[in-house]
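Residue-level structural notes
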Amino acid sequence: MWIEPCEDTECFMRGLIRRNPGESEFHQAVREFVETVMPFVKANPKYRESQILERMTEPDRIIIFRVPWEDDNRNVRVNRAWRVQFNNSIGPYKGGLRFHPTVTQSVLKFLGFEQVFKNSLTGLPMGGAKGGANFNPKGKSDREIMRFCQSMMIELHRHVGEDTDVPAGDIGVGGREISYLFGQYKRLENRFVGVLTGKGLQFGGSLIRTEATGYGNVYFCENMLNHAGDSLNGKTVTVSGSGNVATYCVEKATLLGANVVTMSDSSGFIHDPNGIDAEKLAFVKDLKEVRRGRIHEYTEKFSGATFHQGTRPWNVPCEVAFPCATQNELSADEARTLISNGVKAISEGANMPTELAGVHEFLQAGVLFGPAKAANAGGVAVSGLEQSQNAQRLSWSREEVDQKLHSIMKDIHEKCVQYGQDDGFVNYVRGANIAGFLKIADAMLAYGNV
Ligand code: NDP
Ligand code: 2IT
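All of these numbers come straight from a predicted model, not from anything done at the bench.

**Considering the overall build of the protein chain**
Counting its secondary structure elements, the protein chain contains 17 helices and 14 strands. Against the 2.2 N^0.38 benchmark of 22 Å for 450 residues, the protein chain shows a C-alpha radius of gyration of 21 Å, consistent with a compact globule. In terms of its C-alpha atoms, the protein chain occupies a principal-axis envelope of roughly 70 × 55 × 45 Å. Split into buried and exposed, the 450 residues of the protein chain put 57% on the buried side. In the form shown here, the protein chain has an accessible surface area of approximately 17,900 Å², with 49% of it arising from carbon and sulfur atoms. Each charge sign in the protein chain was given a centre, from 50 positive and 53 negative side chains, and these centres are 5 Å apart.

Structure, rendered in structure tokens:
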């Protein structure tokens, strides 16, 4: 008997939810994808009849393990860690590690799923994965972080490798954590290879990797605005977050002539109508990276700025918004507020920061909306360039890497336009999803029933 594959999103989602109960973030990421890709699959029998969407939404494997470690008071502590190896059709698994108390299997599955198509869009040979632990790095000493990373790598090293799976940073995992993880991998394997990206410059890291996600997001946004006959120059801009992605997004937007007026952390946001210039941003970098302080301290240093506890920056009028903190940090109500305040473009630095109903609001209102898998692909793209440099045992100059990042973001923009153009309006969500899908789907079909 021939089993008819689902031909509409609701039918498909019923099955997915039944197979993955309770995983709301994963359901959300898949729904956003399937809404735009299903009509394309339906129109192309080779994809539909091979159950390609059913296969693509099932990870290759998930590794779950215990991470025991000792805190500074010699208490034994235990966390849970995962590596979701989602799809390696077009290259070794690649994607970040997140350390945050909200990490669950659902969160890592949504991130791994997005990573597959994001990596495909970069044009580089990278499969998709994500990992992390429900470990809270806040308030931990450097030595506690070191012990945690070393313990995590004792298990993780069996599952990763330069041609197998190459992790990198994400929320709560930056240069310090990557260094501890890399050092431990090297001890365990007695091999010096590019098994992680985002490494220190002394041991195989790439110039511009630290800046790449934030810079790439701004390049993508500038591409969207230029395509619509506009630019960032002179625009009032809001940014959320004050971590790696937010910091370099603020830096590049300011360099392109924008006036960035907000940054945030999980306790609230600061509003500085005079703009967060290079000097103020240097203060934020030191505050968050070195002193590991809170964003409200900004207002003690710079007069004219205000702190808004427990709220997000989306009620501040702006022409361009860059959500760069975390998933679901911009609701449908906040989307409507941004639209009524005249927002022209949204470019997602974080992964899935906009609730799905908010995405629909922006698209209906004709706002330029750069979805995460396109807009924040610059980070993993430069990770891919770090892998190439490691494989060659060479280091490229800052200018060379930045120029490559520029052209990758431009190519991604062009792919989105190619598949998302609709009577003059570009639906970047559809464009990114279909362009990302095609390369993976064609590889999977070539491999047969995998
Ligand atoms: P960081 O850890 O450097 O910074 C995270 C920032 O977001 C901090 O300001 C943090 O505030 C805030 N934040 C984190 N969780 C929450 C939460 N639950 N509610 C409110 N605020 C929160 O991470 P990154 O800058 O690296 O990552 C930010 C986003 O960008 C994530 O969605 C990540 O997946 C995505 N991304 C990162 C890439 C990279 O290369 N690093 C590449 C592509 C995407 P606080 O200090 O209070 O915790
Ligand atoms: O979400 C992401 O793309 C990242 N956290 C970066 C992944 C990477 O491998 O550089």
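**A few points about the site of ligand 2**
Surrounding ligand 2, one finds 14 residues, the nearest of these being K94, K118, K130, D170 and S383. A distance of 3.1 Å is found between an oxygen atom of ligand 2 and a side-chain nitrogen or oxygen belonging to Q115. Considered on its own, ligand 2 offers 300 Å² of accessible surface; in the complex 94% of this is hidden by protein. Residue assignment for the shell around ligand 2 shows that the elements contributing at least two residues are β3 (93–99), α5 (105–121) and α15 (377–392). For the shell around ligand 2, the residue count by class is two nonpolar, seven polar and five charged.

**Structural notes on the pattern of salt bridges**
Opposite charge on two side chains makes pairing possible when the charged atoms of those side chains draw close. Counting across every chain of the model gives 32 salt bridges. One salt bridge in this structure joins E114 and K373, with 3.4 Å as the shortest N-O distance. In this pair, E114 sits in helix α5 while K373 sits in helix α14 (residues 372–375), placing the two residues 259 residues apart along the sequence. Accessibility expressed as a relative area gives 3% for E114, which makes it buried. For R336, the salt bridge identified is with D333, shortest N-O distance 2.4 Å.

**Some details on the packing of helix α8 (residues 209–227) against helix α16 (residues 398–420)**
In contact at an axis separation of 9 Å, α8 and α16 are set at 45° when each is read in the N-to-C sense. Considering the angle they form, α8 stands oblique to α16. Note on packing geometry: the crossing formed by α8 with α16 is right-handed. In this structure, α8 uses E211, A212, Y215, G216, Y219, F220, N223, M224 and H227 to contact α16, whose residues at the interface are R398, D402, L405, H406, M409, K410, I412, H413, C416 and V417. Taken together, the residues of the contact of α8 with α16 sort by class into ten nonpolar, five polar and four charged.

**Digging into the sheet that holds β3**
Taken together, the five strands give an open sheet; going across it, the order is β1-β2-β4-β3-β5, and neighbouring strands pair in mixed fashion. Whereas interior strands pair on both sides, the edge strands pair on one side only; in this sheet they are β1 (61–70) and β5 (165–168). Direction aside, neighbouring strands of the sheet carry axes that sit 20° apart on average. Inspection of the sheet shows β3 paired to β5 by four bridges, in the parallel sense. The residue of β5 that forms the bridge with G95 is P167.

**Regarding the state of the cysteines**
As enumerated under the stated definition, the model contains one disulfide in all. Across a sulfur-sulfur distance of 2.0 Å, C6 and C11 are joined as a disulfide pair. Linking C6 and C11, the disulfide has an S-S dihedral of approximately -60° and is accordingly described as left-handed. We classify C11 as partly exposed; its relative accessible area is 24%. In this model C324 remains outside any disulfide bridge; the closest cysteine sulfur is found in C249, 4.1 Å from its own. For C324, a relative accessible area of 7% puts it in the buried group.

**Some thoughts on the pairing of strand β6 (residues 236–240)**
For β6, the tally of buried residues reaches four of five residues, placing the bulk of the element in the interior. The pairing of β6 with strand β7 (residues 259–265) spans three bridges and is classified as parallel. Residue V237 lies in a different strand from β7, and its bridge partner there is V260. Where the polypeptide runs from β6 across helix α9 (residues 244–255) and back to β7, its parallel neighbour, the crossover connection is right-handed. Note: β6 against strand β10 (residues 320–323), four bridges, orientation parallel. Residue pairing in the sheet places V237 in a bridge with V320 of β10.

**Let's talk about the pairing of strand β2 (residues 76–87)**
Where β1 meets β2, ten bridges bridge the pair, whose relative direction is antiparallel. Looking at the pairing, R61 lines up with Q85 of β2. Taking the residues that link successive antiparallel strands as the turn, the β1-β2 hairpin has five residues, and the phi of R74 there is positive, at about 65°. Pairing of β2 with strand β4 (residues 128–133) involves six bridges; the strand directions are antiparallel. When the sheet's bridge partners are listed, N87 is paired in β4 with G128.

The rules behind each value
Residues numbered from 1 in each chain as written. Chains lettered and ligands numbered in written order. Predicted model: local features only at pLDDT ≥ 70, side-chain atom pairs only at ≥ 80, totals over all residues. Heavy atoms only, no water. Helix = DSSP H or I, 4+ residues; strand = E, 2+ residues; numbered from the N terminus. Rg over C-alpha atoms; globule rule 2.2 N^0.38 Å. Buried < 20%, exposed > 50% of the residue type's maximum accessible area, 1.4 Å probe, protein only. Areas by Shrake-Rupley, 256 points an atom, 1.4 Å probe, with all protein chains shown as cover. Lys, Arg positive; Asp, Glu negative; His and termini not counted. Charge placed at Lys NZ, Arg CZ, Asp CG, Glu CD. Near = heavy atom within 4 Å. Polar contact = N/O pair within 3.5 Å; in protein donor to acceptor, adjacent residues only side chain to side chain. Nonpolar A, V, L, I, M, F, W, Y, C, P; charged D, E, K, R; others polar. Salt bridge = Lys/Arg side-chain N within 4 Å of Asp/Glu carboxyl O. Axes fitted to C-alpha atoms, helices over the stretch in contact; angles between N-to-C directions. Parallel < 35°, antiparallel > 145°, perpendicular 65-115°, else oblique. Left-handed = near helix turned anticlockwise from the far one by under 90°. Contact = heavy atoms within 4.5 Å. Pairing = 2+ DSSP bridges. Disulfide = S-S within 2.5 Å. Right-handed = clockwise from strand over helix to strand, strands pointing away.

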